[in-house]
Amino acid sequence: MTGLTLAVPSKGRLEELTRDWFAQRGFPISRPGGARSYLGHVEGEPDITVRFFPASEIARELIRGNIDLGVTGRDLIHETSETGPEAVHFARSLDFGHADVVIAVPESWIDVTHLHDLADVASDFRTRHGRWMRIATKYITITRQHFSRAGIAEYRIVESLGATEAAPASGVADIVVDITSTGSTLVANGLRVLEDGVMLKSEANLIVSRTAPWPDEKKALLDDLLSRIGANGL
């Protein structure tokens with residue numbers, strides 16, 4: 001019988017919370033080789049193979065159909081590919097890993113409180129400063145999609161490889177698109193989230209790949225698993 005491949009975050013708090021979540025529902029996950037091993041199993045469930053991957057890699061492999069189901073953030077599915085959400089099924093939110101992808105501007109921009117204000121700033125920026133408004137972010141796909149829907153085209157993305165929230169203070173960028181749980185780090189860096197600046201609400205989800213092959217036997221295994229943990233089927 002064809003088995004299921006379940007991908008679990010490979011380190012940190014996300015791995016711990018994911019394993020706790022499954023254990024509480026009668027699916028304890030073992031990692032016999034320790035932190036350096038990328039292979040595990042669910043005790044008492046020989047038809048489920050566990051793989052340990054970084055959360056961003058889980059999103060990519062789910063979209064490609066190389067793994068059957070996994071735990072990762074909703075934001076990473078949206079960021080990995082423009083068509084990512086259509087390639088997967090969000091079977092269940094896991095009630096941890098809560099964070100929002102937001103647009104934040106310097107506190108000194110007192111007249112910029114909403115996205116339409118930012119659109120006005122962007123259109124005037126080149127005239128006033130001789131360059132386009134710069135946005136520091138790790139979320140390039142989400143930013144482009146959101147700004148396109150808002151009709152904002154006159155900006156330049158500065159890909160952030162470090163602390164995104166520090167980019168305006170250091171002169172690298174003018175505003176940021178970043179992920180935040182409490183907003184305290186943004187405030188500490190003199191930034192303020194726009195009133196309508198939440199682009200995406202994210203949390204950890206159990207996600208099923210729509211692009212993976214689903215022969216009848218494997219689909220039956222999936223349906224049984226999802227039913228037992230209270231998740232929605234394909």
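The paragraphs below set out a description of the structure included in this document. Everything numeric here is computed off the predicted structure, so don't read it as measured data. (Residues numbered from 1 in each chain as written. Predicted model: local features only at pLDDT ≥ 70, side-chain atom pairs only at ≥ 80, totals over all residues. Heavy atoms only, no water.)

Attention now moves to the overall build of the protein. In terms of regular secondary structure, the protein is built from 9 helices and 12 strands. Considering only C-alpha atoms, the protein reaches an extent of 65 × 30 × 25 Å along its principal axes. Scored against the burial criterion, the 234 residues of the protein give a buried share of 50%. Considering only intrachain contacts with a sequence separation of at least 6, the fraction spanning at least 24 residues in the protein is 67%. Only carbon and sulfur atoms are counted for the fraction: they give 47% of the accessible area of the protein, which is about 11,400 Å². Of the charged side chains in the protein, 25 are positive and 32 negative; the average position of the first set lies 4 Å away from that of the second. (Helix = DSSP H or I, 4+ residues; strand = E, 2+ residues; numbered from the N terminus. Buried < 20%, exposed > 50% of the residue type's maximum accessible area, 1.4 Å probe, protein only. Contact = heavy atoms within 4.5 Å. Areas by Shrake-Rupley, 256 points an atom, 1.4 Å probe, with all protein chains shown as cover. Lys, Arg positive; Asp, Glu negative; His and termini not counted. Charge placed at Lys NZ, Arg CZ, Asp CG, Glu CD.)

In this section: the packing of aromatic side chains. Counted by the stated rule, this structure contains 3 aromatic pairs. For the pair Trp21 and Phe22, a centre-to-centre distance of 5.1 Å together with 80 degrees between the ring planes defines the contact as edge-to-face. What makes Trp21 buried here is its relative accessible area of 6%. With a centroid separation of 6.4 Å and 40 degrees between ring planes, the pair formed by Trp109 and Phe125 is classed as tilted. Of the two residues, Trp109 sits in the loop between strand E7 (99–106) and helix H5 (115–129) while Phe125 sits in helix H5, which places them 16 residues apart along the sequence. (Phe/Tyr/Trp six-rings, centres within 6.5 Å; stacked < 30°, edge-to-face > 60°.)

The 7 strands are arranged E2-E3-E4-E1-E5-E12-E6 in an open sheet whose pairing can be described as mixed. Sheet topology places strand E2 (29–30) and strand E6 (88–93) at the edges, where each strand pairs with a single neighbour. Pairing geometry for E6 and strand E12 (residues 204–209), over 5 bridges, is antiparallel. When the sheet's bridge partners are listed, Val88 is paired in E12 with Ser209. Docked against the sheet, helix H1 (residues 12–24) engages strand E1 (4–9), E2, strand E4 (45–53), strand E5 (69–73), E6 and E12, running at close to 135 degrees with respect to E1. Seen against the sheet, helix H9 (residues 216–228) touches E1, E4, E5, E6 and E12 and runs at an angle of roughly 45 degrees to E1. (Pairing = 2+ DSSP bridges. Axes fitted to C-alpha atoms, helices over the stretch in contact; angles between N-to-C directions.)

Take the pattern of salt bridges next. Opposite charge on two side chains permits them to pair, given that their charged atoms come into close proximity. Counted by the stated rule, this structure contains 13 salt bridges. Between Glu15 and Arg19 there is a salt bridge, with the nearest N and O atoms lying 2.9 Å from each other. Residue Glu15 and its partner Arg19 are both found in helix H1; the two are separated by 4 residues, about one turn of the helix. Glu15 gets classed as buried once you look at its relative accessible area, which sits at 10%. What makes Arg19 partly exposed here is its relative accessible area of 24%. Close ionic contact of Arg64 with Glu61 constitutes a salt bridge, the shortest N to O distance being 3.3 Å. A residue pair is termed a helical-turn pair when its members lie 3 or 4 positions apart in one helix, as Arg64 and Glu61 do in helix H2 (residues 55–64) at 3 residues. Accessibility expressed as a relative area gives 54% for Arg64, which makes it exposed. Here the salt bridges share partners, and the residues they tie into one network are Glu15, Arg19 and Arg31. (Salt bridge = Lys/Arg side-chain N within 4 Å of Asp/Glu carboxyl O.)

Here we come to the nonpolar core. Counting residues in each nonpolar core, the largest one holds 27 residues, and the members touching the most others are Leu6, Phe22, Ile29, Leu69, Leu206, Leu226 and Ile229. Broken down by secondary-structure element, the contributors of at least two residues to this core are E1, H1, E4, E5, E12 and H9. A total of 4 residues in this core trace back to one element, the largest contributor, which is H9. In this structure, Ile29 is in contact with Leu6, Val8, Arg19, Phe22, His41, Val42, Val50 and Phe52, ignoring residues within four places of it in sequence. Ranked by size, the runner-up nonpolar core spans 24 residues in total, among them Leu115, Ile140, Tyr155 and Ile175. (Core = buried A, V, L, I, M, F, W, Y, C linked by side-chain atoms within 4.5 Å.)

Right, let's get into the side chain of Ser209. You can see Ser209 is positioned in strand E12. The contact partners of Ser209, leaving out residues within four places of it in the chain, are Leu62, Gly65, Ile67, Asp68, Ala87 and Trp214.

Next up on the list: the pairing of strand E3 (residues 39–42). Residues Gly40 and Val42 line the buried face of E3, whereas the alternating positions Leu39 and His41 sit on a face that is not buried. Of the strand pairs in this sheet, E2 and E3 are connected by 2 bridges, and their pairing is antiparallel. Across the sheet, the residue bridging to Ile29 is Val42, located in E3. Pairing geometry for E3 and E4, over 4 bridges, is antiparallel. Residue pairing across strands places Leu39 opposite Arg51, the latter belonging to E4. What sits between E3 and E4 in their antiparallel hairpin is a turn of 2 residues, with Gly44 showing a positive phi close to 80 degrees.

Function-wise, these values are silent; they only describe arrangement.
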